[in-house]
Structures are given as C-alpha cells and as structure tokens.
Amino acid sequence: MIAKNDSLVERVWRAGVVGAGGAGFPTWKKIDARAEIVIVNGAECEPLLRNDQQLMASRAAEILRGLKLVMKAVGAKEGVVALKEKYRAAIGELSRLIKPADGVRLHPLKGVYPAGDEFVLVYEVCRRVVPAGKIPLAVGVLVSNPETFLNIARAEKGEAVTGRFLTVTGAVKRPKTLRLPIGTPLKRAVELAGGATVEDPALVVGGPMMGEVASHDGEPVTKTTSSIIVLPRDHKVVVRKQQALDFDLRKTMEICCQCVYCTLICPRSLLGHEFKPHLVMRSLALGLPYPRSPGLSSAAACCACDLCGVYSCPMELPIGRLNKKIAGELEDWNWKRTPQPERPRPAPLREYSLVPVSRLTSRLELKDYDLPAPTDDHDHTVDRVFIPLKQHIGRPAGAVVKRNQKVKQGDLIGGMEPGEMGARVHASISGTVREVTAEMVVIEAG
Ligand code: SF4
Ligand code: SF4
C-alpha cells in the first residue's frame with residue numbers, strides 16, 4: 001500500500017514511472033526499499049545504442065537530481081553513475097556537476113558486453129555478487145537506468161511520463177536519437193530518421209542482442225523502447241531472432257558438441273553462480289525431465305544476454321532463448337529454486353573472459369551500421385498515438401477515459417489502485433480519444 005504522504009514513492013507512482021531500460025518494473029515499488037548504494041546504470045552495453053550515453057550528457061543535471069532524490073528516499077550514503085569510459089561528453093558534464101558533498105561518484109566501465117547486466121554491474125562497481133534468483137537489493141544495492149532517474153526527477157515536480165528517448169538506427173538515412181510521445185507508431189520514428197534504406201525492412205525493438213523483431217511497423221513506442229534498429233529482413237540478427245523454437249531445440253539436440261565454450265564465457269557462470277549452460281544443453285539433448293534434472297533447472301540463472309550463442313558457440317546455438325523458455329516453464333510449474341551459495345565466488349580468470357563490444361558488433365555483422373545517432377531535440381508531430389495500458393511488469397492499467405473525450409498531454413488515461421503491482425498510464429499528446437479497448441487507448445491529435 002502506498003502511504004498518501006506526498007512522498008517520492010507516491011509521486012513516482014502518480015507519474016507512472018517504470019524502469020526505462022528493461023522489462024518495465026514499476027519504479028515506485030523499486031524505490032520503496034532501503035539500500036546502501038544507488039547505481040545509475042549508464043553502461044548501455046548493446047551495440048549501436050546511443051540514447052543513454054547522450055542523455056547523460058544532455059540531461060546530466062536532472063539525472064543527478066533523480067539520483068540524489070532516490071538516495072535520500074532509500075537512505076543510501078553512496079550514489080554511483082556507472083558508464084563506459086569512452087562516454088567522454090557524459091563524463092565531462094557529470095564531473096562538472098557533481099559536488100564533493102553529494103556522496104556521488106562516477107565509475108568508468110570497460111567497453112564489454114554485457115556490462116549493463118545488473119549482476120555484472122553490481123560486481124564491477126562494488127565487488128558484491130548478487131546471488132542467483134535474487135535482485136541487487138539483496139546485497140544492499142538499487143540499480144536503475146539514466147532515463148528512469150530523469151523521470152523520477154520530473155515526477156517529483158508533478159510531471160507524468162508521456163515520452164521517451166530512443167535511438168533509431170541501422171538501415172535508415174539519418175540515424176538519430178529522438179524524444180517521442182509514448183504510443184507513436186514505430187514507422188513514424190523510422191520516417192523521422194529519414195526512412196529505411198532497404199526494401200522490406202525488419203525492425204528490431206531494443207538492442208541487437210536482447211531486442212525482439214516487431215511483428216509490424218504500426219507497433220507503438222512504449223515506456224521501455226530504447227531503440228529501433230532497422231535491418232534487411234535476411235540480416236543475421238533478424239534471422240536468428242525469428243527462428244522457430246522447435247527448430248532451435250532440434251538443432252541443439254543434434255549438434256551441441258559439449259565443447260563447454262558457452263560456460264567459459266557466460267557472465268553469470270563467471271560470477272560464481274551454480275550454472276553451466278553446456279550442462280543445460282546436455283540435459284536438453286538427453287531429453288531429461290525439467291525439475292528433476294539439476295542441469296535443466298539451473299537455466300533459471302540465465303539472463304538471456306545471448307553472448308554464448310552469438311560469440312562463443314561454434315554452432316551458434318540460441319542458448320539464451322532456450323534457457324528463457326525453460327525458465328518460463330519452470331515458473332509456470334511453481335518450481336522452487338534449489339538453494340544457491342549465499343556468497344558466490346567469481347571465477348579467478350573472469351577478467352580475461354570479457355568480450356569487447358567492438359568484436360561482438362563485427363560478429364553480428366553490424367559494423368556498417370555502427371554510426372553516430374545524434375540527439376534531435378525537436379518536438380515532432382504525431383497524428384495518432386496508440387498507448388498500451390500495459391507497458392510494465394504487473395497488472396494492466398484500467399482505462400479511465402471514454403471514446404470522443406478530450407484529453408490534455410499528461411492527463412491520466414489508465415488507472416491503478418495504490419499498492420497494486422503495476423503503473424499508471426497518461427495521455428502522451430493532447431487531442432481526442434478515438435478508441436478504448438482493454439489493451440489500448442488511441443488518441444488523435446488536435
Ligand atoms: S558452446 Fe555450443 S556446442 Fe559448445 S557446449 Fe555450449 S551449446 Fe554446446
Ligand atoms: S545467454 Fe548464455 S551467456 Fe548469457 S547468461 Fe545465458 S547462458 Fe550465460
């Protein structure tokens with residue numbers, strides 16, 4: 001239950017802030033906690049993405065304000081902005097603004113993937129290992145991405161989440177980073193980047209490693225859309241993401257040679273978790289039943305970063321996707337995780353097993369698309385927005401507007417009871433509500 005005390009938690013709940021860099025965990029729930037350290041996750045470790053690094057340069061003051069508000073709310077003594085050492089503009093601006101009394105420091109990271117995985121980040125920044133199945137709060141650390149802190153700073157002033165920054169890149173005429181109203185169709189974002197340069201393009205929403213291929217270009221930008229990567233439909237990244245899972249499974253059963261390379265490079269295994277992806281693949285190949293096979297049930301420790309499949313597996317098997325499927329099934333069966341060591345010990349040679357993003361970019365055949373995507377700060381016109389009522393983890397918001405109702409930008413359109421797991425949803429443009437369903441509210445500008 002959220003106390004009606006005008007606290008930061010309540011303001012963040014009212015504004016509908018969710019984690020902008022991941023699955024959309026409701027931020028009010030995350031900051032309703034105690035933590036010793038708060039980390040801004042500015043790693044932005046997937047190839048081609050640019051928005052977090054540019055946001056940390058152009059909106060540094062607001063991000064730091066959000067960080068300090070959260071530090072105060074959770075009782076943290078230390079705040080850390082963790083970002084790649086090559087993000088020079090952001091480092092320059094943040095260093096200029098951080099005062100000694102703030103209790104905030106910068107932590108430069110190497111250009112490796114997945115530096116932004118929360119478990120990896122927490123270890124790099126404070127040498128604490130989050131046990132498998134737990135979240136960073138288990139070791140006293142709260143992690144969120146730069147745009148989330150920006151939205152927290154704005155929520156504290158009463159501003160709801162109505163837009164987001166996203167990089168539009170790949171096979172487009174002018175790669176750029178835009179701020180667009182939530183609900184903007186993806187095809188409008190691509191138009192604003194000059195349009196696709198290939199016929200029949202596929203749109204990858206999110207990074208090339210963990211993103212998904214959009215089912216159509218009318219899909220809307222949501223609070224968690226960090227990028228759109230336009231690629232030819234027969235590009236390796238697209239084909240890999242669209243292969244049928246049954247085909248992946250059969251391929252794994254037939255050709256995994258148990259070379260162990262996936263385990264040697266796995267960031268979770270290297271942190272000391274009881275998790276060896278090659279054993280999961282072996283159990284799959286042998287057709288062992290899920291919960292009773294320790295090999296299979298350890299798949300829940302996988303973060304689906306796909307590093308093993310893209311970079312180390314000689315057969316390029318989709319190990320992350322298969323692990324994700326197994327983990328989902330285990331959850332459906334209410335499987336209880338076998339106890340893991342409380343203090344996992346990272347592998348002694350971990351430092352030498354980290355993978356540079358530049359090499360990953362080459363392996364993904366994305367070098368030609370690795371271009372600047374400068375921020376375009378204009379307010380772009382969007383005629384219609386299609387705003388999903390579920391852009392977050394938890395229950396969908398319930399529509400509180402009717403067809404033909406006039407709304408202003410920032411008005412509440414999707415409600416949520418205080419304390420319910422979920423997030424409120426607001427009108428991203430001013431106009432007239434044209435359609436209301438259980439999933440979506442459509443607003444026409446004007
Ligand atoms: S790297 Fe590929 S082939 Fe080797 S053990 Fe892992 S899944 Fe099997
Ligand atoms: S996708 Fe592969 S490398 Fe990444 S966590 Fe899972 S098993 Fe490890």
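This structure is a prediction, so every number in the text was calculated from the model and none was measured.

### Quick look at the overall build of the protein chain
At step 1: Counting secondary structure elements, the protein chain contains 17 helices and 19 strands.
At step 2: In terms of its C-alpha atoms, the protein chain occupies a principal-axis envelope of roughly 60 × 55 × 45 Å.
At step 3: Here the protein chain holds 446 residues, and the buried ones make up 55% of them.
At step 4: Of all intrachain contacts in the protein chain linking residues separated by at least 6 positions in sequence, the fraction that spans at least 24 positions is 72%.
At step 5: If you sum the accessible surface of the protein chain, you get close to 19,600 Å²; carbon and sulfur atoms cover 52% of it.

### Topic: the packing of helix α3 (residues 51-58) against helix α7 (residues 146-156)
Between two packed helices, what matters for the description is the angle formed by their axes and the separation of those axes.
At step 1: Running from amino to carboxyl end, α3 crosses α7 at an angle of 40 degrees, the nearest separation of the two axes being 9 Å. Our classification of the angle between α3 and α7 gives oblique. Seen from α3, the contacting residues are Asn 51, Asp 52, Leu 55 and Met 56; seen from α7, they are Pro 146, Glu 147 and Leu 150.
At step 2: In the contact of α3 with α7, the residues fall into four nonpolar, one polar and two charged.

### Considering the environment of Lys 325
At step 1: Mapped onto the elements of the fold, Lys 325 is located in helix α16 (residues 319-332).
At step 2: Sequence-wise, Lys 325 and Leu 245 are 80 residues apart; in three dimensions their C-alpha atoms are separated by 8.8 Å.
At step 3: Within polar-contact distance, the side chain of Lys 325 engages the side chain of Glu 329 at 2.6 Å.

### Let's talk about the site of ligand 1
At step 1: Among the 13 residues in the neighbourhood of ligand 1, the closest are listed as Cys 256, Cys 259, Val 260, Cys 262 and Cys 313.
At step 2: A breakdown of the residues in the shell around ligand 1 according to their chemical character gives eleven nonpolar, two polar and no charged.

### A word on the side chain of Glu 44
At step 1: Mapped onto the elements, Glu 44 comes out in the loop between β1 (37-42) and α3.
At step 2: Arg 50 provides the closest opposite charge to the buried, unpaired Glu 44, separated from it by 6.6 Å.
At step 3: Within the structure, the side chain of Glu 44 is placed 2.9 Å from the backbone nitrogen of Asp 52, a separation counted as a polar contact.

### Topic: the domain arrangement of the protein chain
At step 1: Each domain of the protein chain was delimited in the assignment, giving domain 1 (8-156), domain 2 (242-363) and domain 3 (383-446).
At step 2: On a C-alpha basis, the centroid separation for the pair domain 2 and domain 3 is 38 Å.

Calculation criteria
Residues numbered from 1 in each chain as written. Chains lettered and ligands numbered in written order. Predicted model: local features only at pLDDT ≥ 70, side-chain atom pairs only at ≥ 80, totals over all residues. Heavy atoms only, no water. Helix = DSSP H or I, 4+ residues; strand = E, 2+ residues; numbered from the N terminus. Buried < 20%, exposed > 50% of the residue type's maximum accessible area, 1.4 Å probe, protein only. Contact = heavy atoms within 4.5 Å. Areas by Shrake-Rupley, 256 points an atom, 1.4 Å probe, with all protein chains shown as cover. Axes fitted to C-alpha atoms, helices over the stretch in contact; angles between N-to-C directions. Parallel < 35°, antiparallel > 145°, perpendicular 65-115°, else oblique. Nonpolar A, V, L, I, M, F, W, Y, C, P; charged D, E, K, R; others polar. Polar contact = N/O pair within 3.5 Å; in protein donor to acceptor, adjacent residues only side chain to side chain. Near = heavy atom within 4 Å. Lys, Arg positive; Asp, Glu negative; His and termini not counted. Salt bridge = Lys/Arg side-chain N within 4 Å of Asp/Glu carboxyl O. Domains from an automatic or database assignment.

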